[in-house]
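Survey of secondary and tertiary structure
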Amino acid sequence: MTTQLYYNVNLATMNDEFGYGSDTPYGALRQAAIAIQDGKIIYIGDYDTALAQFTDTKRTDCQGKWITPALMDCHTHLVYAGNRSHEFEMRLNGVDYATIAKNGGGILSTVNATRQASFDELYQASKQRLQAFIAQGVGTIEIKSGYGLDLDSERKMLQVAKQLGQDFGITVKKTYLALHALPPEYQGRADDYVEQACQWLKTLANEGLVDAVDAFCEHIAFSTEQVAKLFAVATELGLPVKLHAEQLSDMGGAELVAQFDGLSADHIEYLNDDNVAKMAQKNVVGVLLPTAFYVLKETKLPPIAKMRECGVNMAVSTDCNPGTSPSASILLAINMACTLFGLTPEEALSGTTRHAAQALGLQDRKGQLKVGYDADLALWDIERPADLAYLIGQNRLDKLILSGKPTNH
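Residues numbered from 1 in each chain as written. Predicted model: local features only at pLDDT ≥ 70, side-chain atom pairs only at ≥ 80, totals over all residues. Heavy atoms only, no water.

Right, let's talk about the state of the cysteines for a bit. Under the definition given, this model contains 0 disulfides. Here C217 is not disulfide-linked; the sulfur of C198 is the nearest cysteine sulfur, at 14 Å. Cysteine C310 remains unbridged, with the sulfur of C74 as its closest cysteine sulfur at 20 Å. Taking the relative accessible area as the measure of exposure, C310 reaches 26% and is therefore partly exposed. (Disulfide = S-S within 2.5 Å. Buried < 20%, exposed > 50% of the residue type's maximum accessible area, 1.4 Å probe, protein only.)

The next subject is the layout of surface pockets. Looking at the largest pocket, its volume works out to about 300 Å³. The wall of the largest pocket is formed by 15 residues, among which A101, A181, L182, I220 and A221 lie closest to the centre. It is helix α3 (residues 97-102) that contributes the most residues to the lining of the largest pocket, 3 residues altogether. Partitioned by chemical class, the residues of the lining of the largest pocket number 11 nonpolar, 3 polar and 1 charged. Quantified by volume, the second largest pocket comes out at close to 250 Å³. R91, D96, Y97, A98 and L296 are, among the 14 residues lining the second largest pocket, the residues nearest its centre. Of all the secondary-structure elements, those providing two or more residues to the lining of the second largest pocket are α2 (85-92) and α3. (1 Å grid on protein atoms, 1.4 Å probe; cavity = no way out; pocket = protein on both sides within 12 Å on 5 of 7 lines; lining within 4 Å. Points joined across faces, edges and corners; volume = space filled by probe spheres on them. Helix = DSSP H or I, 4+ residues; strand = E, 2+ residues; numbered from the N terminus. Nonpolar A, V, L, I, M, F, W, Y, C, P; charged D, E, K, R; others polar.)

The strands making up a sheet associate through hydrogen bonds between their backbones, and the pairing can be parallel or antiparallel. Read from one edge of the open sheet, 4 strands run β6-β7-β8-β9, paired in parallel fashion. At either end of the open sheet lies a strand with only one pairing partner, and these are β6 (71-73) and β9 (212-215). Strand-to-strand twist of the sheet, defined as the mean angle between neighbouring strand axes without regard to direction, takes the value 20°. As paired strands, β6 and strand β7 (residues 138-144) are joined by 3 bridges and run parallel to one another. Looking at β7, one finds that D73 is bridged to I141. Along the sheet, helix α13 (residues 330-339) makes contact with β6 and β7, crossing β6 at roughly 85°. (Pairing = 2+ DSSP bridges. Axes fitted to C-alpha atoms, helices over the stretch in contact; angles between N-to-C directions. Contact = heavy atoms within 4.5 Å.)

The UniProt record marks H75, H77, H244 and D319 with the feature "binding site: Fe(3+)" (unreviewed entry), using the residue numbering of this structure. Over a stretch of 245 residues, the named residues converge on one spot in the fold, their C-alpha atoms separated by at most 12.1 Å. Checked against the lining of the largest cavity, the annotated residues just named reduce to H77, H244 and D319. Inspection of the secondary structure assignment puts H77 in the loop between β6 and α2. Beyond its immediate chain neighbours, meaning those up to four positions away, H77 contacts K144, Y147, L177, H180, H244, D319, C320 and N321. Along the chain, H244 turns up in strand β10 (residues 242-245). In this structure H244 touches H75, H77, K144, L177, D214, A215, F216, C217, D266 and H267, once residues within four positions along its chain are discounted. Only 3.3 Å separates the side chain of H244 from the side chain of H77, close enough to count as a polar contact. (UniProt positions renumbered as here; feature names shortened; annotations may be inferred. Polar contact = N/O pair within 3.5 Å; in protein donor to acceptor, adjacent residues only side chain to side chain.)

All right, on to empty space enclosed by the protein then. Under the defined criterion, the tally for this structure stands at 2 cavities of 30 Å³ or more. For the largest cavity, the calculated volume is near 150 Å³. Taken together, 14 residues form the lining of the largest cavity, with Y97, I107, H180, N321 and T324 sitting closest to its centre. Across the lining of the largest cavity, the residue classes tally to 4 nonpolar, 8 polar and 2 charged. The computed volume of the second largest cavity comes to approximately 60 Å³. Along its surface, the second largest cavity is lined by P69, A70, L71, M72, G139, T140, K366, G367, Q368, D374 and D376. Every element with two or more residues in the lining of the second largest cavity is listed here: β6 and β7. Here the residues of the lining of the second largest cavity sort into 4 nonpolar, 4 polar and 3 charged. In terms of domain composition, the lining of the second largest cavity takes at least three residues from each of domain 1 (4-69 + 367-406) and domain 2 (71-359). (Domains from an automatic or database assignment.)

Residue I268 is not a glycine yet carries a positive backbone phi of 55°. Turning to its location among the elements, I268 is positioned in the loop between β11 (264-267) and α10 (273-281). Its identity is not glycine, yet N283 carries a phi of approximately 60°, on the positive side. Within the secondary structure, N283 sits in the loop between α10 and β12 (285-288). Here N283 falls in the partly exposed class, since its relative accessible area comes to 48%.

Moving on: the nonpolar core. It is characteristic of soluble globular proteins that their nonpolar side chains tend to be buried jointly. One finds V79, I141, Y176, Y193, L201, V213 and M307 to be the most contacted residues of the largest nonpolar core, which totals 99 residues. It is helix α7 (residues 190-206) that provides the largest number of residues to this core, a total of 7 residues. Residues within four places of M307 in sequence aside, it is in contact with I268, L271, V276, L288, P302, V312 and M314. Core analysis: the next-biggest nonpolar cluster, separate from the first, contains 15 residues, Y6, V9, I34 and L377 among them. (Core = buried A, V, L, I, M, F, W, Y, C linked by side-chain atoms within 4.5 Å.)

The subject of this paragraph is the sheet that holds strand β13 (residues 314-316). The sheet built from 4 strands is open, its strands ordered β10-β11-β12-β13 with parallel pairing. Strand pairing shows two members of the sheet lacking a second neighbour, β10 and β13, which therefore form its edges. For this sheet, the mean inter-axis angle between neighbouring strands, taken without regard to orientation, is 25°. Alignment of β11 against β12, held across 3 bridges, turns out to be parallel. Looking at the pairing, A265 lines up with G286 of β12.

The following block contains the structure:
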């Protein structure tokens, strides 16, 4: 069976075996080779050894470029209909996000548009955003529901997400987010809606449409007690949980995620030190969303130093959504994680590779260049990995390889 061999290449392996996390930034190997067979990485090392080991090879000279793991975005709301640029304009004219939401804007305006859109209309609108991610080296993406808020519309969103993954050969993790906002038909009956959302979860999970469960825990959304009811159902179904936590205030959401052994707490600008320690104890990833921070003109920074001190792994995501982060640029999120939050370029790349993989429960097969892992690779025409954080608006992706096959990005 033919082996694909990429040589004369620098590798940012993000792999402990090659010194990542100790004495070798990025786990870098220079002037190396990487071999792929049946969609998996089967060799990492020097070129001469590879030639001796693999006789039937198709070889690609990478001319000194860099290969990283394909990038991963672990928090998006990519599937939606409608446009909220008018809300962007309102915020710039002094109206805050909470006021917009209370007056029927925000999430509910997108809910109305998404409910009205057909499957095909929703697919076509979302397809363009997914293609933008793929063009920047993204090989795995999480897509949430949460703009349907009724069974049929939540199902439609998850079906679109599933279809996009199948059509574009990208790994899509589908997250159920019915506890995103209270729909108009349940105003004044939040607890009734929570009960209904729990029943919908059981239905959609049985249909194979749910990989994880999320909620928005905030004073304008749902309480920890309400979220805990949903998380209990998720646990019964064997589904991992994650949470929009501590974005606008300290609600104790991160502690709740830790109690349920969840994957991640996301946003976390208002995360307190005690709950950082609890996240560390349960190996909960802290997902940073710098583009939303930027768009909302937030000033409260996530506790980066404390997370470093406690050993909380930090992922970085776009939070692609129509209201607070209308961005499909993972490279911009990497830059903003450095410039706004003070991450190093290595931390930011880790946040979109190995730590993003952990936030999606995929750390055993994605996010690193490692023998036996999926052959999801990004080939970059850059001088060093830090260029991915340094260059703004300059996409240096040369080739994206998913399951061992080059894509037409």
